[in-house]
Amino acid sequence: MTRGPAAPGAPAAQPAPSPRLVERMRPFTTTVFAEMSALALRTGAVNLGQGFPDTDGPASLLSDAAAALRSGRNQYPPGPGIPELREAVAEHQARFWGLDVSPADVLVTTGATEAIAAAVLALTGPGDEVVVLEPYYDSYAATIALSGATRRTVPLRAPDFELTEEALRAAFTDRTRLVLLNSPHNPTGRVLSRAELELVARLAVQHDAVVLSDEVYEHLVLSGARHVPLASLPGMAERTLVVSSAGKTFSVTGWKVGWVHGPAELVGAVRAVKQFLTYVSGAPFQPAVAAALRLPEEVFTGFAAQLEAKRDLLSEGLAAAGFAVNRCEGTYFVTADVRPLGLTDASALAWRMPEEVGVAAIPVQVFCDDPSAAPSLLRFAFCKRDDVLHAAVERLAAAGPRLAALG
């Protein structure tokens, strides 16, 4: 993804993109996650950069997948996904969110990332505009570039990361075709309020735009915040594609089992593209995920409670080390401001921390188009074992005043 000049301590510059690579994709030859994870591995740093858990999901989920492997469910599944998973997704949406979803309108994908990519490619092209919240998950920008559309960003600014009407209205034009919404929001940890979602809904209707709602963190809501699916708002079910996956909910990010549902016409458009991307995937994982979606509610709430304790552990450690920690209402991530340390450049600090402190984080600036959007913010992942988080906190505390010299 696009970054500014290499900061002190940053890895060597990547080789220039091949001249055969189309120009619109040249900014996306690598990702900050791959670079930072490689740096953490090389230096032995605690990797709080990339957002994946270091423990597995429910035991029943793993045993169900093993049983499916042994019972021969290893060939191509049906293109739209196995019937029991599509049915389970529909049941899940009714049970947790009160949505009336037909299994026929559920499409199983290779993770939420493919669902988003297929939807953007199916519904937008050159001359169209896609509205996204900034900062944004990095695949959004790459996918919009693939489609040839133009992204229009809506700033969410620290410390509250509120979605304002003025900023949202400014992003819509007569060329707006799609709104790519993410709540609970990565990387800020915000859970958009009903009032904020209603504003998105009004403008989407006014501009006849489809909303692609990325809700992969739907069950990872903390601190009494409440997730409201956009499709549950009046008049939005007919223009909203809802995306989620098993990866975040059940701590199996490597399985890449996701789904998208919505109006038959929109899902059909996404299917037309998806079938020529991966075609199908995850045959033995799909029945296991179907069973997991039907687990008791305490499985879902229990994991969120565990995450809340981890968020608090890391947040308190960051504050003790001198960072200003922003409120996190959901997801795997907490953001922290380096300015109380006497620094202004979080990116420079991020590239030096793995070697000098032994902790890796991601500068939020890499998720933004505007270079001035979040220059002093770092994103830390807290979806790790407690001993890993304690180790990170201890290293940050030991660094103490030296942190100010690293930026």
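Each value, and the rule that gives it
- Residues numbered from 1 in each chain as written.
- Predicted model: local features only at pLDDT ≥ 70, side-chain atom pairs only at ≥ 80, totals over all residues.
- Heavy atoms only, no water.
- Helix = DSSP H or I, 4+ residues; strand = E, 2+ residues; numbered from the N terminus.
- Buried < 20%, exposed > 50% of the residue type's maximum accessible area, 1.4 Å probe, protein only.
- Lys, Arg positive; Asp, Glu negative; His and termini not counted.
- Salt bridge = Lys/Arg side-chain N within 4 Å of Asp/Glu carboxyl O.
- Contact = heavy atoms within 4.5 Å.
- Pairing = 2+ DSSP bridges.
- Right-handed = clockwise from strand over helix to strand, strands pointing away.
- Expected span 1.5 Å × (residues − 1).

### Describing the side chain of Glu215
Inference 1: Among the structural elements, Glu215 can be located in the loop between strand 6 (210-214) and strand 7 (240-245).
Inference 2: The side chain of Glu215 is buried and forms no salt bridge, while Arg226, the nearest opposite charge, is found at 11 Å.
Inference 3: Leave out the neighbours within four places in its chain, and Glu215 touches Ser183, His227, Pro229, Leu230, Val242, Val243 and Ser244.

### Some remarks on the pattern of salt bridges
Inference 1: Under the definition given, this model contains 21 salt bridges.
Inference 2: Here Arg385 makes a salt bridge to Asp54, at a shortest N to O gap of 3.4 Å. With Arg385 in the loop between strand 13 (377-381) and helix 13 (386-399) and Asp54 in the loop between strand 1 (46-47) and helix 2 (59-70), this residue pair connects regions lying 331 residues apart in the sequence.
Inference 3: Among the ionic pairs, Arg169 bridges to Glu165, the shortest N-O distance being 2.8 Å. Of the two residues, Arg169 and Glu165 are both situated in helix 6 (residues 165-171); the distance of four residues between them amounts to about one turn of the helix.
Inference 4: Residue class for Glu165 comes out partly exposed when judged on its relative accessible area of 38%.

### Comments concerning unusual backbone geometry
Inference 1: The residue after Glu134, namely Pro135, is reached through a cis peptide bond having omega 10 degrees.
Inference 2: As for its position among the elements, Pro135 is in the loop between strand 3 (129-134) and helix 5 (138-147).
Inference 3: The omega torsion of the bond from Asn186 to Pro187 falls at 20 degrees, within 30 degrees of zero and hence cis.
Inference 4: Within the secondary structure, Pro187 is located in the loop between strand 5 (176-182) and helix 7 (194-206).
Inference 5: The phi dihedral of Thr331 is positive, around 80 degrees, even though this residue is not glycine.
Inference 6: By the secondary structure assignment, Thr331 is in the loop between strand 9 (324-325) and strand 10 (333-337).

### Quick look at the pairing of strand 4 (residues 150-155)
Inference 1: Pairing between strand 3 and strand 4: six bridges, direction parallel. Across the sheet, the residue bridging to Val132 is Thr153, located in strand 4.
Inference 2: Viewed along the sheet, the connection from strand 3 through helix 5 into strand 4 turns out right-handed.

### Observations concerning helix 1 (residues 32-43)
Inference 1: Taking 1.5 Å per residue as the helical rise, helix 1 with its twelve residues ought to reach 16 Å, and the 16 Å between its terminal C-alpha atoms agrees with that figure.
Inference 2: Structurally, helix 1 contributes buried residues whose contacts are with strand 1, helix 5, helix 12 (346-356), strand 11 (359-360), strand 12 (362-363) and strand 13.
Inference 3: The positive-phi residue at the C-terminal boundary of helix 1 is Gly44, with phi of around 75 degrees.

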